[in-house]
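Reading the structure
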Amino acid sequence: MRSLYIRIWLTVIAALALFALASGWLLERHLSQERARADALLSERLAGWGPLIQGSLPPRTASLADQTAALEDWAHRMHTPLALLDAQGQRIAASQRYLDIEAEGHGRPLTVPLEDGRKLSIMRPDLRMLPLRRLPPEAGASAPQRGEPGGGPDARPGWLPGGERGGPPEVLADGQPPIHMGPAPAGAERGPGGDRPQLPPPGFLLGPGGEWPASLGLVVLLAMLFMAVAAGAYPVVRSITGRLERLKQGVEAFGAGALAQRVQEEGKDEVAALAASFNRAAQRIQSLVQSNQSLLANASHELRSPLARLKMALSMMDDAAPAQRVSLRKEIEVNIRELDALVEEVLLSSRLEAGVAVDLEDPVDALAVMAEEASRVGAQVEGLPLMLRGSERLLRRAVRNLLENAHRYGGQDVQAELLQLATGEVQLRVCDRGPGVPEAERERIFEPFYRMPGHAEREGGVGLGLALVRQIARRHGGRVHCEPRDGGGSCFVLTLPAARLLQASGA
């Protein structure tokens, strides 16, 4: 299986390669169109130059030396490789530069017919080759001046009469004439004919004239771009997938049982958000597993006491007197009820802890529920007739647990009250006159199976009642706490948010 970073990186490379190919094809097509336009423009200009040059050349009946000298003079002045052909196409004369380009194989001859039957051939450099340097003009070269062939009263250097440019007809790949940098410095080395400077020997990928093809330059440019993007994309892609690999290792370690395993949240992108989500989920799972383990261990411990009493009562049943059998039967019934209550509370706590869906939209007459549950323990109830939105079964269980807890520790002096605060929140208060809860214990008494020292032996219970009250309050978006009561005792306050209030029941 290939790594993810390899696949992402190869995707980037493939997209870049496709872009390079498409760009190269479009550029090559554009250059071809430009070459065609340059050819057409040059042919049109040469058609106008032909009569001008013919007027400055000796007639075709002149000697070969005169025709050659005149052709060399024009080639020297125009910096243009020229050749003169007869009517049959045989070469009469040619400039040295013409011969050099022809020998190198980099030129394309363009023939212009003259009126006397001769032909003027101009060697045009191959537009597919880009010169690595601009060739300086000949030393002492100048355009025709007054009194010279092609000169006139309005002649300017490099221009023919009539406003036609007398410069070289060779055109570069961009359609522009070459730029001459001025006369060559004194002592500059020249070629055999003095037509141009001596070029260095050909190098790697270069032509014999020190030039390289335009297409090769494009390929080199795209290759450099390709390598630059490929090299730049690799560390970025590897960084992203490296974090995914570390996240994978953290998930595997967590799945292997290391519940404390967390992953580092690097960056602020989607990978970092995924790591943060994993850490939150891992924390939640760890809390659930630890809670269930604690619940199971504590429930197992609590089950041992009633089961041991049941076992003892049953073993004594056969040998007991009739009056003692009645007492043993009542003990068995009490232990069974205790087991039943324990199992019910464990199951309810497990469902609440696991987040089992519960309908919290039922209308609940809170004052009526408190009055019904208070009658079971003989407590007094007062307050406002408020209608709440929630689960009647869970709220009834929370009120019952608070009242039974107050009755167990506070005797008969138990009071329940239903209030609405100025903030809109609703409070269910259950107060007793018991020994009170020390400040250090006011949070711990809401932990599952926790009972203050000495209370388990004296008052009984399994320590799940108040833990269930807190779970029910949180499920409804509320909270519960313990506070001291004026005059002695404790008050347990269950607070529900204002959003849970529907209306006053008497409205």
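Residues numbered from 1 in each chain as written. Predicted model: local features only at pLDDT ≥ 70, side-chain atom pairs only at ≥ 80, totals over all residues. Heavy atoms only, no water.

Further remarks concern the overall build of the protein. Within the protein one finds ten helices and 14 strands. Partitioning the intrachain contacts of the protein with sequence separation of at least 6 by distance along the chain shows that 64% fall at a separation of at least 24. (Helix = DSSP H or I, 4+ residues; strand = E, 2+ residues; numbered from the N terminus. Contact = heavy atoms within 4.5 Å.)

Evaluation of the coordinates by the stated rule reveals one disulfide. The disulfide bridge from C431 ends at C491, spanning 2.1 Å between sulfur atoms. With the S-S bond torsion at 115 degrees, the cross-link from C431 to C491 turns out right-handed. Placement of C431 in strand β11 (residues 426–431) and of C491 in strand β13 (residues 490–496) is noted, with a sequence separation of 60 residues between them. Exposure remark for C431: the relative accessible area of 10% places this residue in the buried category. Not engaged in a disulfide, the cysteine C482 finds its nearest cysteine sulfur in C491; these two sulfurs lie 8.1 Å apart. (Disulfide = S-S within 2.5 Å. Buried < 20%, exposed > 50% of the residue type's maximum accessible area, 1.4 Å probe, protein only.)

With 39 residues, the main nonpolar core has L403, L428, I445 and L494 as its most contacted residues. With seven residues, the single largest contributor to this core is helix α8 (residues 392–410). Those residues in contact with I445 that sit more than four places away from it in its chain are V437, Y450, M452, L466, C482 and F492. Counting residues in hydrophobic clusters, the runner-up holds 13 residues, among them I53, L71, L84 and L114. (Core = buried A, V, L, I, M, F, W, Y, C linked by side-chain atoms within 4.5 Å.)

A few words on the layout of surface pockets. In this structure, the second largest pocket encloses a volume near 410 Å³. Lining the second largest pocket we find 17 residues, and of these S291, E353, A467, Q471 and R474 sit closest to its centre. Only α5 (270–317), α6 (322–354) and α10 (465–475) provide two or more residues apiece to the lining of the second largest pocket. Here the residues of the lining of the second largest pocket sort into five nonpolar, six polar and six charged. (1 Å grid on protein atoms, 1.4 Å probe; cavity = no way out; pocket = protein on both sides within 12 Å on 5 of 7 lines; lining within 4 Å. Points joined across faces, edges and corners; volume = space filled by probe spheres on them. Nonpolar A, V, L, I, M, F, W, Y, C, P; charged D, E, K, R; others polar.)

Once that is clear, we can look at helix α7 (residues 366–377). Over its twelve residues, α7 runs 17 Å from end to end, which matches the ideal 16 Å to within 8%, given 1.5 Å per residue. Turning to α7, its buried residues are A366, V369, M370, E373, A374 and V377. What you see down the axis of α7 is that its buried residues fit within an arc of 125 degrees, all on one side. On its buried face, α7 is in contact with β7 (362–365), β8 (380–383), β9 (386–390), α8, β10 (415–420) and β11. Among the residues trailing α7, G378 stands out with phi positive, at a value near 75 degrees. (Expected span 1.5 Å × (residues − 1). Arc of directions from axis to C-beta.)

Further remarks concern the confidence of the model for the protein. Averaged over every residue, the pLDDT of the protein is 74; the share at 70 or more is 76%. Note that pLDDT drops below 50 for residues 129–210; the model gives that stretch 146 contacts with residues more than four away or on any other chain. (pLDDT = per-residue confidence, 0-100.)

Here the structure, examined in full by the defined rule, presents two aromatic pairs. With 5.8 Å between their ring centres and 80 degrees between their planes, F254 and F278 make a pair best called edge-to-face. A residue pair is termed long-range when its members are at least 10 positions apart, and F254 in helix α4 (residues 214–255) and F278 in helix α5 qualify at 24 residues. For the pair F254 and F278, a shared accessibility class is recorded, and that class is buried. Between F446 and F492, the ring centres sit 6.2 Å apart and the planes meet at 75 degrees, which makes this aromatic pair edge-to-face. Pair noted here: F446 is in the loop between β11 and α9 (455–459) and F492 is in strand β13, with a separation of 46 residues, a long-range link. A relative accessible area of 3% means that F492 is categorised as buried. (Phe/Tyr/Trp six-rings, centres within 6.5 Å; stacked < 30°, edge-to-face > 60°.)

Mapped onto the elements of the fold, D432 is located in the loop between β11 and α9. Of the side chains bearing the opposite charge, R485 lies closest to the buried D432, which forms no salt bridge; the N-O distance is 6.1 Å. One polar contact links the side chain of D432 to the main-chain amide nitrogen of G434, over a distance of 2.9 Å. If we ignore the near neighbours within four places in the chain, the residues touching D432 are A406, G410, D413, R485, G488, G489, S490 and F492. (Lys, Arg positive; Asp, Glu negative; His and termini not counted. Salt bridge = Lys/Arg side-chain N within 4 Å of Asp/Glu carboxyl O. Polar contact = N/O pair within 3.5 Å; in protein donor to acceptor, adjacent residues only side chain to side chain.)

What follows deals with the pattern of salt bridges. All chains considered together, the criterion is met by 15 salt bridges. Beyond isolated ion pairs, a larger network of salt bridges with shared partners links E372, E373, R376, E392, R396 and R400.

This part is about the sheet that holds β11. Reading across from one edge, β8-β10-β11-β13-β12 is the order of the five strands in this open sheet, with mixed pairing throughout. Each edge of the sheet is formed by a strand with only one pairing partner; in this case those strands are β8 and β12 (479–484). Along the sheet, successive strands turn relative to each other by an average axial angle of 15 degrees, direction set aside. The pairing of β10 with β11 spans six bridges and is classified as antiparallel. Counterpart to L418 in the pairing with β11 is L428. (Pairing = 2+ DSSP bridges. Axes fitted to C-alpha atoms, helices over the stretch in contact; angles between N-to-C directions.)

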